[in-house]
Amino acid sequence: MTDLNKKRWGRHFTDEEIAFARDNGRLLTMEIETSHICNLRCIYCYNGSGRKLRNELSLGEILDAIRQGIDLGVRRVILIGGGEPLMYPHVDEIMAFLHAQGVAIDLFTNGTLITPDLAKQFYDLGVEPVVKCNSLNPQTQDFLVAQRGAYENIHRGLDCLREAGYPDEDHDLGIETIICSYNYRELPAMWRWAREQGMIPYFEMITFQGNAKN
């Protein structure tokens, strides 16, 4: 097993660091939902993402929340969008701010909007992307995100990340997979596929709210 294949999602801190944060009212990580806007309509989306909400935080409010988190000890920020973070017009400013503060960045993205230039920007900023990938079957993948051609666009995004240098010892790359009746038979194959390419499999159960309730 290679060093890349020994990595597990979420093991960024030691047990001692976690215990210290717990016992002293400190933080190590925080999640940021930038906007509800999304270019996909995943049938399982816990947030029912799609259109921008009327009362979303401004960029200034988001940066202020991050500053407060850093004051409490945050060393890693997870950008999960709320929808698709790459559709948020100021995501590059947020990432640059985090990088300047020495804060590590995880980015959960559906991968469809990743270009060669974006992938290089991620690599230079030390961003660790986790790309939505629910199936290795194009029809199943497209059905689950309710968009024809999504499978092709996701894998084009993954190719851009690989060409930029992902994954390597200092730049993790993961895939996010929702466990459901449409893909559970192929989960072992997907796990092997991810590990063979040095990617970290991040498989999770459906949260039964939002679109998933239907």
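Before reading on, note that the structure itself is shown above.
Residues numbered from 1 in each chain as written. Predicted model: local features only at pLDDT ≥ 70, side-chain atom pairs only at ≥ 80, totals over all residues. Heavy atoms only, no water.

Caption draft 1: Structural context of the overall build of the chain. Regarding its fold elements, the chain presents seven helices and six strands. Ordering the α and β elements of the chain from the N terminus gives α-β-α-β-α-β-α-β-α-α-β-α-β. Over its C-alpha trace the chain gives a radius of gyration of 17 Å, about what one expects of a compact globule, namely 17 Å for 214 residues. With the principal axes as the frame, the chain shows a C-alpha extent of 50 × 45 × 35 Å. In the chain, buried positions account for 47% of the 214 residues. The contacts in the chain between residues at least 6 apart in sequence include a share of 72% that link residues at least 24 apart. A total accessible area of about 11,300 Å² is found for the chain, and carbon and sulfur atoms account for 50% of it. Taken together, the 22 basic and 30 acidic charged side chains of the chain have centroids lying 5 Å from each other. (Helix = DSSP H or I, 4+ residues; strand = E, 2+ residues; numbered from the N terminus. Rg over C-alpha atoms; globule rule 2.2 N^0.38 Å. Buried < 20%, exposed > 50% of the residue type's maximum accessible area, 1.4 Å probe, protein only. Contact = heavy atoms within 4.5 Å. Areas by Shrake-Rupley, 256 points an atom, 1.4 Å probe, with all protein chains shown as cover. Lys, Arg positive; Asp, Glu negative; His and termini not counted. Charge placed at Lys NZ, Arg CZ, Asp CG, Glu CD.)

Caption draft 2: Broad picture of helix H6 (residues 150-164). With 15 residues, H6 extends 21 Å from end C-alpha to end C-alpha; this agrees with the ideal 21 Å at 1.5 Å per step. Those residues of H6 hidden inside the fold are in contact with helix H4 (116-125), strand S4 (128-132), helix H5 (138-145) and helix H7 (187-196). Where H6 ends, the next residue or the one after it, Gly165, has phi of about 125°, a positive value. (Expected span 1.5 Å × (residues − 1).)

Caption draft 3: Just the packing of aromatic side chains, in detail. Counted according to the given criterion, the structure contains four aromatic pairs. When the centroid spacing of 5.2 Å and the interplanar angle of 85° are considered together, the rings of Trp191 and Phe203 count as edge-to-face. Placement of Trp191 in helix H7 and of Phe203 in strand S6 (residues 200-205) is noted, with a sequence separation of twelve residues between them. (Phe/Tyr/Trp six-rings, centres within 6.5 Å; stacked < 30°, edge-to-face > 60°.)

Caption draft 4: Spotlight on the nonpolar core. Formed by 39 residues in total, the largest nonpolar core has its most connected members in Leu79, Ile94 and Phe122. Sort the elements by how many residues they give to this core and helix H3 (residues 91-100) lands first, with five residues. (Core = buried A, V, L, I, M, F, W, Y, C linked by side-chain atoms within 4.5 Å.)

Caption draft 5: Molecular detail of the packing of H4 against H6. Contact pair H4 / H6: the axes reach a minimum separation of 8 Å and the direction vectors enclose 50°. It follows that H4 is oblique to H6 by the angle criterion. The way H4 lies across H6 gives a crossing that is right-handed. Residues Pro116, Ala119, Lys120, Phe122 and Tyr123 of H4 form the contact with H6, whose own contacting residues are Cys160, Leu161 and Ala164. The residue makeup of the contact of H4 with H6, split by class, is seven nonpolar, no polar and one charged. (Axes fitted to C-alpha atoms, helices over the stretch in contact; angles between N-to-C directions. Parallel < 35°, antiparallel > 145°, perpendicular 65-115°, else oblique. Left-handed = near helix turned anticlockwise from the far one by under 90°. Nonpolar A, V, L, I, M, F, W, Y, C, P; charged D, E, K, R; others polar.)

Caption draft 6: Structural view of the sheet that holds S6. Spatially, six strands are ordered S1-S2-S3-S4-S5-S6 in an open sheet, and the strand pairing comes out parallel. Edge strands, defined here as strands with exactly one partner in the open sheet, are strand S1 (29-32) and S6. With strand direction ignored, the average angle separating the axes of adjacent strands in the sheet is 20°. Those strands touched by H3 are strand S2 (76-79) and strand S3 (104-109), and its axis lies near 170° from that of S2. (Pairing = 2+ DSSP bridges.)

Distances and angles like these do not, on their own, reveal function.
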